[in-house]
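# Overview (structure and organization)
For reference, the chains in residue letters:
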Amino acid sequence: MNRKMIFRVLGLILLCLCALLVVPAAVGLIYHEKISHFLITIAITGVFALLLICVKPENDMIFAKEGFVIVGLGWILMSVFGALPFYLSGEIPSFVDALFETASGLTTTGATIMENVEVLSRGTMFWRLFTHWIGGMGVLVFIMAVMPMSGNRSMHIMRAEVPGPTVGKLVPRVRKTAKILYLIYIALTAVEYVFLRFGGMSVYDAVLHSMATAGTGGFSTKASSVGYWDSAYIDTVIAVFMMIFGINFNLYFLILIGRWRDALKSEELHWYFLIIIGTTLAIAAGISDTYGGFMQGVRYAFFNVNTLMSSSGFGNADFTLWPEYCKWILVLIMFCGACAGSTGGGMKLSRIMMLIKCAVVDVRRMTRPRSVVSVRMDGKSVDREVISATLSFSLLYALCLLLFTFIISFDGYDITTNFTAMISCLSNMGPGMGLVGPAGNYSIFSDLSKLVMTFAMLLGRLEFFPLLVLFAPSTWKK
């Protein structure tokens, strides 16, 4: 293992974090607030970054093992150092709570321990929602976009950080691929900002909600989230952009280069839209009487289906009060999640599709033992390695869900609260059911449970393997 190269890249990550912390510090200055907590954090983080960068590797080669270790340790370090502004300012007096809030932001989960977010200063609030935008595409993808890193070897880092069962290069050079992804990301964020400004949002709120939507996070500047504005226009804009950011970014690249037909042929995209349309109509039928008509039911159903399908977590209504079958549909959506290669969370729709197709293929093989049938996606056979990785991921998801739910159950809360809270953390969703619904928060849990949930959020965002590799003895052997 190239340990010195790992240290060097971790130093670059912390240096990048220092640069990012300058932005909320500047916002604090604009609003004439104290920014000492940001300056101290930048100083502490900068010292650690320089110590790591000073380590000179013998070569700059990064292989799969190094890629996983860099991503796993990098996200842990970002969560720990990123929590310092909350803790040092005293606005979140418990470091465990500050760590939970930061990890929730960076992993774009949107679960919060804050009972009233509106008491936060402008600079701290900006950092809170800015973490969504940072974590949505991934800070390591950003580093690859602006700094040369080991040529195509850096693909191992991208594979470890970008969510989804497979990651490919859009163009021959990995650095150029990272630039393209970030340019698309920035452009879509800017377009949403313009639409929100037309809806009457202030510059501050529009910027922060655009960043939170882009990262499919769910933090808001208001205690009642998007419901604060009570605007059908704002609900629709944010819902549409949540849906847009839940789509595989590779498809946007295909559209940009004129390959519309290839993009529109995506089987995952078809399933994505069908699920959104079908579940929206099904839920709207059940809540139409509550909201005074079918079209109003569609408004609230469309928003909440997209907030959970994309794993955003914004709220404009308390869906824990909806009919039982509507809540069950939302729980199923929490499992499913968005498309691979998007900023969304969950198991990813492509994995669900592969699991269903594997089951269908196995049934066919039982009835016709001599037939040769393969799992196909977009008309192409899926490699056995991808299928194996999908099955392993699904098993890990189920085991971690059961184990972590068991651990947090010692806090004494009901099974609905515990189970959906852990689904929310593993799928990076934000709200759950019961006491952690849109009207609740995660402050009710003990410090141990919050640490378990923080680990679960990181596991979900990095899709298990980069963090689990850190605990494998073989990882650290020469």
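Below you will find a few notes about this structure. Quantities reported herein were computed from a predicted structural model and do not represent experimental measurements.

This part is about the overall build of the protein. What the protein contains, in helices and strands, is 21 helices and two strands. Taking 23 Å as the expected radius of gyration for a compact globule of 478 residues, we find that the protein reaches 22 Å, a close match to that expectation. When its C-alpha atoms are laid out on the principal axes, the protein stretches across 60 × 55 × 50 Å. Counting the 478 residues in the protein, one finds 57% classified as buried. In the protein, which carries 36 positive and 28 negative side-chain charges, the distance between the mean positions of the two groups comes to 14 Å.

This part covers helix H6 (residues 122–137). In this model H6 runs 24 Å from its N-terminal to its C-terminal C-alpha over 16 residues, within 8% of the 22 Å that 1.5 Å per residue would give. When the local axis directions of H6 are compared, the greatest deviation, roughly 25°, occurs at leucine 129. The buried fraction of H6 amounts to 15 of the 16 residues, a majority that puts the element mostly inside the structure. Immediately beyond the C-terminal end of H6, within one or two residues, lies glycine 138, with a positive phi of roughly 105°.

Looking now at the nonpolar core. Residues Met422 and Tyr442 are the most contacted members of the largest nonpolar core, which totals 142 residues. When residues of this core are assigned to their parent elements, the largest contribution, 13 residues, is made by helix H1 (residues 3–30). Once you skip the residues sitting within four places of it in the chain, methionine 422 turns out to touch Leu401, Phe404, Thr405, Ile408, Val452, Met453 and Ala456.

Moving on, we get to helix H10 (residues 203–214). A turn of α-helix holds 3.6 residues, and therefore any two residues three or four places apart point the same way. Between its terminal C-alpha atoms H10 stretches 16 Å, which fits the 16 Å expected from twelve residues at 1.5 Å a residue. Summarising burial for H10: ten of the twelve residues are buried, a large majority. Within H10, burial applies to Tyr204, Asp205, Ala206, Leu208, His209, Ser210, Met211, Ala212, Thr213 and Ala214. Of the residues one or two after H10, threonine 216 is the one with positive phi, at around 45°.

Here we come to the side chain of threonine 189. Mapped onto the fold, threonine 189 is located in helix H9 (residues 174–198). Side-chain polar atoms of threonine 189 contact the side chain of tryptophan 133, separated by 3.1 Å. Residues within four places of threonine 189 in sequence aside, it is in contact with Trp133, Ser210, Met211, Ala214 and Phe245.

Bringing unusual backbone geometry into the picture now. The backbone of threonine 216 sits at a positive phi, close to 45°, despite the residue not being glycine. When you line up the elements, threonine 216 lands in the loop between H10 and helix H11 (232–245). Even without a glycine there, the phi angle at serine 311 is positive, about 65°. Within the fold, serine 311 resides in the loop between helix H15 (294–309) and helix H16 (324–336).

Definitions and cut-offs
Residue positions are given per chain, counting from 1 as you read along its sequence in written order. Per-residue local features of the predicted model are confined to residues with pLDDT of at least 70, and side-chain atom pairs are confined, for both listing and counting, to 80 or more; whole-chain, interface and lining totals are unaffected and use all residues. The basis for every side-chain value is the complete set of non-hydrogen atoms in the structure, without hydrogens or water. Every helix listed is a DSSP run of H or I at least four residues long, and every strand listed is a run of E at least two residues long, numbered separately from the N terminus. The quantity called the radius of gyration is restricted to C-alpha atoms. Its globule counterpart is 2.2 Å times the number of residues to the power 0.38. Exposed residues in this analysis have more than 50% of their type's maximum accessible area, buried residues have under 20%, and partly exposed residues fall in between, with area computed by a 1.4 Å probe over protein chains only. His residues and chain termini do not enter the charge count, which takes Lys and Arg as positive and Asp and Glu as negative. Lysine's charge is taken at NZ, arginine's at CZ, aspartate's at CG and glutamate's at CD. Helix span, expected: 1.5 Å multiplied by one less than the number of residues in the helix. Throughout, the bend at a residue refers to the angle made by two axes, fitted to the seven residues ending there and to the seven starting there. We define the nonpolar core as a collection of buried residues of types Ala, Val, Leu, Ile, Met, Phe, Trp, Tyr and Cys that are connected through side-chain atoms lying within 4.5 Å of one another. Residues count as neighbours in contact if any of their non-hydrogen atoms are within 4.5 Å of one another. By the criterion applied in these results, polar contacts are pairs of N or O atoms within 3.5 Å in which, for protein atoms, one can donate a hydrogen and the other can accept it, and in which residues neighboring in sequence qualify only through two side-chain atoms.

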